[in-house]
Amino acid sequence: MTKQAGPWLLAGLLLPAVAAAQSSVTLYGIASTAVRYTSNIDGLHHGKSELVSSGIGGSRWGIKGSEDLGGGNKAVFVLENGFGMDDGQSAYQAYWGRQAYVGMTGAWGSLTLGRQYNAVNNMGWAFNPLDQSWGNFWSDPLYTGGDVFFQGYRIDNSVVYQHRMGAVSVQLDYGFGEQAGSMARGSTLGGGLMYQQGALSVGGAYDQRRSNTGGMARNYSLGASYVMGKATAYLGHMGRRESDTRAHFAITFVGLGYQLTPALHLSGAYYRYRQNGNAATQFQPVPVPLGKGNADVVAAVADYALSKRTSLFLEADVTRARGGAVGRETEYWAGLPATGVRSSTRVGVMAGIRHSF
C-alpha cells in the first residue's frame, strides 16, 4: 500500500530503515460484505434480508512486522482488528480482537505470546471444503449447532509454539487461566499435527478449556484433502464434549472445490451435524434443555476474481434441522430458540464482494 508523505515524515520513516535494513512493517486487510436473504431464520417461518458484516473472509485490518536478529532468528509481531463492514463497529469486544502477539522465529520454529489462534481453528478451517483459503463466511455450515467446534478460535494470554519439519507441521498452545490460587481453572491446552506431501494433506488437532468452576470442554478436528488437477476433494470431522453438561456435538463433512477457469472457482459440500446428551441453549440467561437432534446442510459457493485482490461471490445453502438441533440453530441465527418445533428447513442466498490489500 503506497501513501504520499511530506519530507519530514518521509525522513522519519527512512532513518529507522537505514539503521535496520532487515526490518519490515506491513499494513494488510480484507474488506468483505454481502447482501443475504434467509428464509425461516427463526423456525417460525419468518425470513430476513440483511447486509452481513463480512460475507466471505472476515473483514479486518492489521499490522505485522519482523526484525532480523541475526543467526537466522527474527522478532515478529501481529496486531489485527476485526470489524463489521455493515456498521463499522469493532468485533470480538476488543480493538485487536482477531490477533495480538509478539515473539521470535528461527530454524527451530516460532514461539509467540498474546491472543492467538488455537490448533483446532487452524486445522479445522484448513479442511473445510468451502474455505478455499479465503476464510470462513457469514453462514458457514461449520457454525451449525451454534458455532461450538473451535473452542473459541483464539486463546487469550497464550503461548504458541509452531514448527515445520519437512512435510510435517506441529502446533502446541497453552493459555493461562490467570485465576488466583489455581493454575488449571480458566486455562487452555492443545496441539495439532499436519502432514502435507504432494497432492495429499492430512491433519488432526485437539484443544481443551477448563472453566472457572473446574469443568472442561474438549474439542477435536480431523481432516484430509487431495488435489486432482483443477479439483480438490475434502473430508473432515469435528467434535466437542462438555463435562459440565455431558453434552456432545459432532459434524462430518465432505466436499469438492474446482477451478473452472482462471477467474472462476466453484465449491460445494455436504455436512451432517449431531448433538446428544444434555444439550441446551447457549445464550439464554437460564439454559433451556433441548436434548438430542441432528441437521443436514448442503452449501455451494461461486467465486469470480475480477483481479488478484478483488472478487465477487455467490453462495447458497439449505439446512434441515430436527429435534433439539432446531433450538440450537434458531437461537444462534435469530437470537431465540424455537421450542416445540420438530423440524425446520432454512434456505439462504448471499451475493457480495471481497477486496484484500
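These numbers were taken from a predicted model, which means no experiment stands behind them.

### Thoughts on empty space enclosed by the protein
Part 1: Taken as a whole and assessed by the stated rule, the structure comprises 3 cavities of 30 Å³ or more.
Part 2: Counted as a void, the largest cavity has a volume near 60 Å³.
Part 3: Every residue along the wall of the largest cavity is listed here: N40, I41, T319, A321, V326, E329, T330, S344 and R346.
Part 4: Secondary-structure elements contributing two or more residues to the lining of the largest cavity are β16 (310–323), α3 (324–334) and β17 (343–356).
Part 5: For the lining of the largest cavity, the leading source of residues is α3, giving 3 residues.
Part 6: Each residue belonging to the lining of the largest cavity can be placed in one class, and the counts come to 3 nonpolar, 4 polar and 2 charged.
Part 7: There is about 40 Å³ of room inside the second largest cavity.

### Some thoughts on unusual backbone geometry
Glycine aside, residues mostly have negative phi, and peptide bonds are mostly found in the trans state.
Part 1: The phi torsion at Y92 lies on the positive side, around 65°, for a residue other than glycine.
Part 2: Along the chain, Y92 turns up in the loop between β4 (73–82) and β5 (99–106).
Part 3: A positive phi angle is found at R246, which is not glycine, with a value near 55°.
Part 4: Here R246 lies in the loop between β12 (231–242) and β13 (247–259).

### Re α3
Part 1: A large share of α3 lies buried, amounting to 9 of its 11 residues.
Part 2: When α3 is considered as a whole, its buried residues turn out to be G324, A325, V326, G327, R328, E329, T330, E331 and W333.
Part 3: Packing partners of the buried residues in α3 comprise β13, β14 (264–276), β15 (293–305), β16 and β17.
Part 4: Taken from the residues just after α3, G335 is the one with a positive phi, measuring 100°.

### Focus: the pattern of salt bridges
Part 1: Enumeration over the complete set of coordinates arrives at 10 salt bridges.
Part 2: In this structure, E80 engages R98 in a salt bridge whose closest nitrogen and oxygen atoms are separated by 2.8 Å. Residue E80 is located in strand β4, and its partner R98 is located in the loop between β4 and β5; the two are separated by 18 residues in the primary sequence. With respect to class, E80 is no different from R98; both count as buried.
Part 3: A salt bridge links R115 to D156, with the shortest nitrogen-to-oxygen separation between them at 2.7 Å. Of the two residues, R115 sits in strand β6 (residues 109–117) while D156 sits in strand β7 (residues 154–165), which places them 41 residues apart along the sequence.
Part 4: Taken together, the shared-partner salt bridges in this structure form one network comprising R36, E315 and D317.

### Focus on the packing of aromatic side chains
Two aromatic rings are characterised by how far apart their centres lie and by the angle between their planes.
Part 1: Taken as a whole and judged by the stated rule, the model has 12 aromatic pairs.
Part 2: Between W138 and W333, the aromatic rings sit 5.0 Å apart at their centres with planes inclined by 45°, giving tilted as the arrangement. Residue W138 is located in the loop between α2 (119–126) and β7, and its partner W333 is located in helix α3; the two are separated by 195 residues in the primary sequence.
Part 3: Classification of W138 as partly exposed rests on a relative accessible area of 22%.
Part 4: Consider the rings of F150 and Y153, whose centres lie 4.9 Å apart with planes at 10°: the pair is stacked.
Part 5: Among the residues examined, F150 registers a relative accessible area of 1% and is labelled buried.
Part 6: Here a set of aromatic residues connected by ring pairs shows up, and it is made of W125, W138, Y143, F150, Y153, F283, Y332 and W333.
Part 7: The lysine or arginine in question, K64, covers the ring of Y28, its NZ or CZ lying 5.1 Å from the ring centre.
Part 8: Looking at R154, its charged tip hangs above the ring of Y92, at a distance of 4.4 Å from the centre.

### Here's the deal with the side chain of T112
Part 1: Topologically, T112 is positioned in strand β6.
Part 2: On the basis of relative accessibility, which here comes to 7%, the residue T112 falls in the buried class.
Part 3: A distance of 2.3 Å separates the side chain of T112 from the side chain of Q116, its partner in a polar contact.
Part 4: In contact with T112, not counting residues within four places along its chain, are V76, Y101, V102, G103, S158, V159 and V160.

### Focus on the environment of S90
Part 1: Counting through the fold element by element, S90 comes out in the loop between β4 and β5.
Part 2: Filtering out sequence-adjacent residues up to four positions away, S90 remains in contact with N81, G82, F83 and Y95.
Part 3: Side chain to side chain, S90 and N81 meet in a polar contact 3.3 Å long.

### Regarding the confidence of the model for the chain
Part 1: Per-residue pLDDT for the chain averages 91, and the proportion of residues at 70 or more is 94%.
Part 2: When pLDDT is averaged over each element of the chain, β5 comes out on top at 98 and helix α1 (residues 7–19) at the bottom at 41.
Part 3: Taken as a whole, residues 1–21 scores under 50 in pLDDT and shows 2 contacts with residues more than four places along the chain or in a different chain.

Basis of the calculations
- Residues numbered from 1 in each chain as written.
- Predicted model: local features only at pLDDT ≥ 70, side-chain atom pairs only at ≥ 80, totals over all residues.
- Heavy atoms only, no water.
- 1 Å grid on protein atoms, 1.4 Å probe; cavity = no way out; pocket = protein on both sides within 12 Å on 5 of 7 lines; lining within 4 Å.
- Points joined across faces, edges and corners; volume = space filled by probe spheres on them.
- Helix = DSSP H or I, 4+ residues; strand = E, 2+ residues; numbered from the N terminus.
- Nonpolar A, V, L, I, M, F, W, Y, C, P; charged D, E, K, R; others polar.
- Buried < 20%, exposed > 50% of the residue type's maximum accessible area, 1.4 Å probe, protein only.
- Contact = heavy atoms within 4.5 Å.
- Salt bridge = Lys/Arg side-chain N within 4 Å of Asp/Glu carboxyl O.
- Phe/Tyr/Trp six-rings, centres within 6.5 Å; stacked < 30°, edge-to-face > 60°.
- Lys NZ or Arg CZ within 6 Å of the ring centre and 35° of its normal.
- Polar contact = N/O pair within 3.5 Å; in protein donor to acceptor, adjacent residues only side chain to side chain.
- pLDDT = per-residue confidence, 0-100.

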